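# What the coordinates show
So you can see what is in the structure, the chains are spelled out below.
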Amino acid sequence: MNQNVRQGTPLVEMRDISISFGGIKAVDHVTVDLYAGEVVGLLGHNGAGKSTLIKCLSGAYRADAGEIRIDGRPVEIASPRDARALNIETIYQTLALADNLDAASNLFLGRELVTPLGFVDETRMEAETRKIMARLNPNFRKFNVPVSALSGGQRQSVAIARAVYFNARILIMDEPTAALGPHETQMVSELIEELKRQGLGIFLIEHDIHNVMKLCDRASVMKNGQLVGTVDVAEVTDDDILGMIILGKKPARAA
Amino acid sequence: MAQQTTNLDPSAGPVTRFLRATEIDTRLLGMVAALILIWIGFHLYGVIVNGNGAFLTPRNLWNITVQTASVGIMACGMVLVIIARHIDLSVGSVLGFAAMAMGMFQVEWYPQLVGLGHWTIVALTVLLGLVVGTLIGAFHGWLVAYRGIPAFIVTLGGLLVWRGAAFLLARGRTISPVDANFALLGGGPYGSVGATWSWMVGLAGCGAVLWLIWAGRRNRQRHGFPQRPMWAEYVLAALGCGLCIGTTLVVNAYPWPRGIVAQYAAATGITVPEEGLFISHGFAVPVLILLVVAVAMTFLMSRSRFGRYVYAIGGNPEAALLAGINVKWMTVKIFALMGFLTGLSAVVASARLNSATNALGTLDELYVIAAAVIGGTSLAGGVGTIYGAVLGAVVMQSLQSGMVLIGFDAAIQNIVVGIVLVLAVYIDTLYRKNVK
């Protein structure tokens, strides 16, 4: 899209990240960055290392080597709590919801609102949940049932609400539309545009090449744990990106 | 949890409408109905076959409350363990070990320092039991969480280890009698609080019910949530207060036996009138302990972050981890709490028996797990309530007491309890399917 967005210090820099499991290099010296107000797609086959890379940023894994910088400052992300403290929010492919709890409990899980005496303030959490859901998914009514009783789209909106509510600056979305119908996919797309306008930086793991072309500003392609390359989506075609994913070759034009 | 919107569909039947408006858990209702059926069934059986209905008498009901206490206290902890997708098979043996440690301490070791009957004995003994239970529980939790050994195996090992350790502590002897003050914690005529204090407890319970209803209503109002209709609030208040006052009436209707009255009269210098003296038992101390535990644990599970995390871990351990919950440390805390409650149960059980024996608590783990499961705790994790577990313990105890009263022998008792357990879980499975 526009080069001028990407000026100054990147919001996130992941430099030379490596992580291996039992001798297999899941991520092998990968460097990616992300600017505020930009969507960077992470592409690649299953097992290419996208999710693993991103879990180093969300605190689920710890990189063996490499450096993560937020606003140019090196940071230590040892746990999901650390990531949250840096305003990094993640929407996992599995949504990471506790199925037996209701929407409000999931939204505030690990960050419950409490009364002055330190008890969980259920009514206030429900009130806040109603507020944010009114914005994200006005048809949402099922506030008092376990999320296992919700549809895929409703569950997705709970997971998104969780990220949005806590003022994420950096949002990681792992295939947010994989389980959704066309209408709900549209809803998520609009939300991504909206969040981008608000100046969030978004890492989007996505398989659907059309979504990538539509939503992303840049795309970083991974293969076998290594970075094939990062391209400006506006300067390449679908076929170029598919070539990167399948053949692991960077198109000549964008080199 | 905050409850369902009360949209009163006029086409629904009166029962459905009543349940929706009052927001009473239908599962709870089913359990209460089953309990009442058991009670009436045993009573009628006694009336018809033995010509004497002994079940629905203050004496028997009072006894059931006392006998429920030990298993009920542990069931409150077992609910957490099972919700978090674990199991604790060691509670019976840990109870035996803690009771034996307390027995040795209060009878053989500590009195040598301070003399028999010293006032500090009871406090230090109880403290010792609680600490021993908590440490053992925490150790089990550590093995499960940080060493990755399945809870089933850790606590199966614990079942053998702690029973054996209890034997070694006293070389198999029975330690008896325990400290006189300590024995009061087990109930009995002197270990009960009497009519006046029982009324205080009953009325306090009533007050708590009214306050909860009022506070809940005010809270919903403040956030503009839908309210229950006024009549439903009145029904709930009446049911809650009725339960508190009814229970108080029952425990107060059971008088001290003549022998104890005579002994008491002689000790205090009152003359017993011709027609006898009616001194109420009132709530027994172990029952009050169970009540306090149940209320505190309910509060913990519904209003604290800790409780929230226990449910979250059971619902989806990975989600809990990604939400920044320290799942391993939580596991240690859950098992430590289970151990603490087991220590407390050991106090109640050994005080009630007035001795510490090597067999104390044998098979308790099974009754405790059964109570939790009958009370609606799902072995798949994530689902369960404290009140359900306590009610489950009452159901189990009612069955056993009832069968003793009508003269079933031990073999048949086991068969019936086993069948009821399987049946209860089967009905629960059907119920959950229907709800979905």
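The rules we used
- Residues numbered from 1 in each chain as written.
- Chains lettered and ligands numbered in written order.
- Predicted model: local features only at pLDDT ≥ 70, side-chain atom pairs only at ≥ 80, totals over all residues.
- Helix = DSSP H or I, 4+ residues; strand = E, 2+ residues; numbered from the N terminus.
- Rg over C-alpha atoms; globule rule 2.2 N^0.38 Å.
- Buried ≥ 20, exposed ≤ 12 C-beta atoms within 10 Å, placed from the backbone.
- Axes fitted to C-alpha atoms, helices over the stretch in contact; angles between N-to-C directions.
- Parallel < 35°, antiparallel > 145°, perpendicular 65-115°, else oblique.
- Left-handed = near helix turned anticlockwise from the far one by under 90°.
- Contact = placed C-beta atoms within 7 Å.
- Pairing = 2+ DSSP bridges.
- Expected span 1.5 Å × (residues − 1).
- Nonpolar A, V, L, I, M, F, W, Y, C, P; charged D, E, K, R; others polar.
- pLDDT = per-residue confidence, 0-100.
- Core = buried A, V, L, I, M, F, W, Y, C linked by C-beta atoms within 7 Å.

Right, let's talk about the overall build of chain A for a bit. A count of helices and strands for chain A gives eight helices and 10 strands. The globule rule puts the C-alpha radius of gyration for 255 residues at 18 Å, and the 18 Å found for chain A is close to it. Its C-alpha atoms put chain A at 60 × 40 × 35 Å along the principal axes. For chain A, the residues scored as buried account for 45% of the 255 residues in total.

What follows deals with the packing of helix α3 (residues 58–83) of chain B against helix α11 (residues 285–303) of chain B. Residue and element names in this part refer to chain B. For the pair α3 and α11, interaxial distance at closest approach is 8 Å and the crossing angle is 30°. One way to sum up the angle between α3 and α11 is to call them roughly parallel. As α3 runs across α11, the sense of the crossing is left-handed. Across from T65, V66, A69, G72, I73 and C76 in α3, the residues of α11 making contact are P286, V287, I289, L290, V293, A294 and M297.

Our next topic: the pairing of strand β2 (residues 24–34) of chain A. All names here are of chain A. The sheet contact formed by strand β1 (residues 12–21) and β2 spans seven bridges and is antiparallel. Bridging from a neighbouring strand, E13 pairs with D33 of β2. Linking two consecutive strands that pair antiparallel, namely β1 and β2, is a turn of two residues; a positive phi of about 55° is found at G22 within it.

All names here are of chain B. Between the first and last C-alpha of helix α8 (residues 194–223) there are 44 Å, a value that for 30 residues agrees with the 44 Å anticipated at 1.5 Å per step. Elements that come into contact with the buried residues of α8 comprise α9 (230–252) and α11. Once α8 finishes, G224 follows within two positions and takes phi at roughly 70°, a positive value.

This part is about the interface of chain A and chain B. Facing 24 residues of chain A, the contacting portion of chain B comprises 25 residues. Listing elements by their share of the side of chain A that touches chain B, those giving two or more residues are α2 (80–85) and α4 (122–136) of chain A. Considering every element that reaches the side of chain A that touches chain B, the biggest residue donor is α4 of chain A, with four residues. Taken together, the residues of the side of chain A that touches chain B sort by class into 11 nonpolar, six polar and seven charged.

Residues and elements named next belong to chain B. Along the chain, the position of A267 falls in helix α10 (residues 258–268). According to the C-beta neighbour criterion, A267 is exposed, with 8 such atoms within 10 Å. Here the alpha-carbon distance between A267 and I213, two residues 54 residues apart in the chain, equals 46 Å.

Here we take up the environment of T125 of chain B. Residue and element names in this part refer to chain B. The topology assignment puts T125 in helix α5 (residues 120–146). For T125, a count of 26 C-beta atoms within 10 Å gives the class buried. Taking the C-alpha atoms as reference points, T125 and G307, separated by 182 residues in sequence, lie 29 Å from one another. Leaving out residues up to four positions away in the same chain, T125 has contacts with M102, F105, Q106, D179 and F182.

Now for the packing of helix α4 (residues 91–114) of chain B against helix α14 (residues 327–353) of chain B. All names here are of chain B. Relative to each other, α4 and α14 sit at 60°, their axes nearing to 8 Å. Compared by their axis directions, α4 and α14 come out oblique. The two elements α4 and α14 meet at a crossing, and its hand is right-handed. Taking contact as the criterion, the partners of V91, V94, L95, A98, A99, M102 and G103 in α4 are, on α14, M338, G339, T342, G343, S345, A346, V347, A349 and S350. Across the contact of α4 with α14, the residue classes break down as 10 nonpolar, six polar and no charged.

This part covers the pairing of β1 of chain A. Bridge count between β1 of chain A and strand β4 (residues 65–70) of chain A: five bridges; the pairing is antiparallel. Of the residues in β4 of chain A, the one forming a bridge with E13 of chain A is R69 of chain A.

All names here are of chain B. Looking at chain B as a whole, the pLDDT averages 90, with 97% of positions reaching at least 70. Taking the mean pLDDT of every element in chain B, the minimum, 78, falls on helix α1 (residues 14–22) and the maximum, 97, on α14. Every residue in residues 1–8 scores below 50 in pLDDT, and together they form 19 contacts with partners more than four places removed in sequence or on other chains. Overall fold confidence for the complex sits at a pTM of 0.89, while the interface term, ipTM, reaches 0.84.

The biggest cluster of nonpolar side chains holds 183 residues, and the ones touching the most others in it are A75, C76, M78, A312 and A371 of chain B. Broken down by element, this core gets its largest block of residues, 15 residues, from α14 of chain B. When near neighbours in sequence (up to four residues on either side) are disregarded, A312 of chain B contacts A98, L101 and L109 of chain A together with A319, A320, A323 and I325 of chain B.

Here the bond from S176 of chain B into P177 of chain B is cis, since omega is -10°, no more than 30 degrees from zero. Mapped onto the fold, P177 of chain B is located in the loop between α6 (151–170) and α7 (180–183). We note that H29 of chain A has phi near 50°; this positive angle belongs to a residue other than glycine. Relative to the assigned elements, H29 of chain A resides in strand β2. A positive phi angle is found at L363 of chain B, which is not glycine, with a value near 70°. Looking at the element boundaries, L363 of chain B is found in the loop between α14 and α15 (364–374). With 10 C-beta atoms counted inside 10 Å, the residue L363 of chain B sits in the exposed group.

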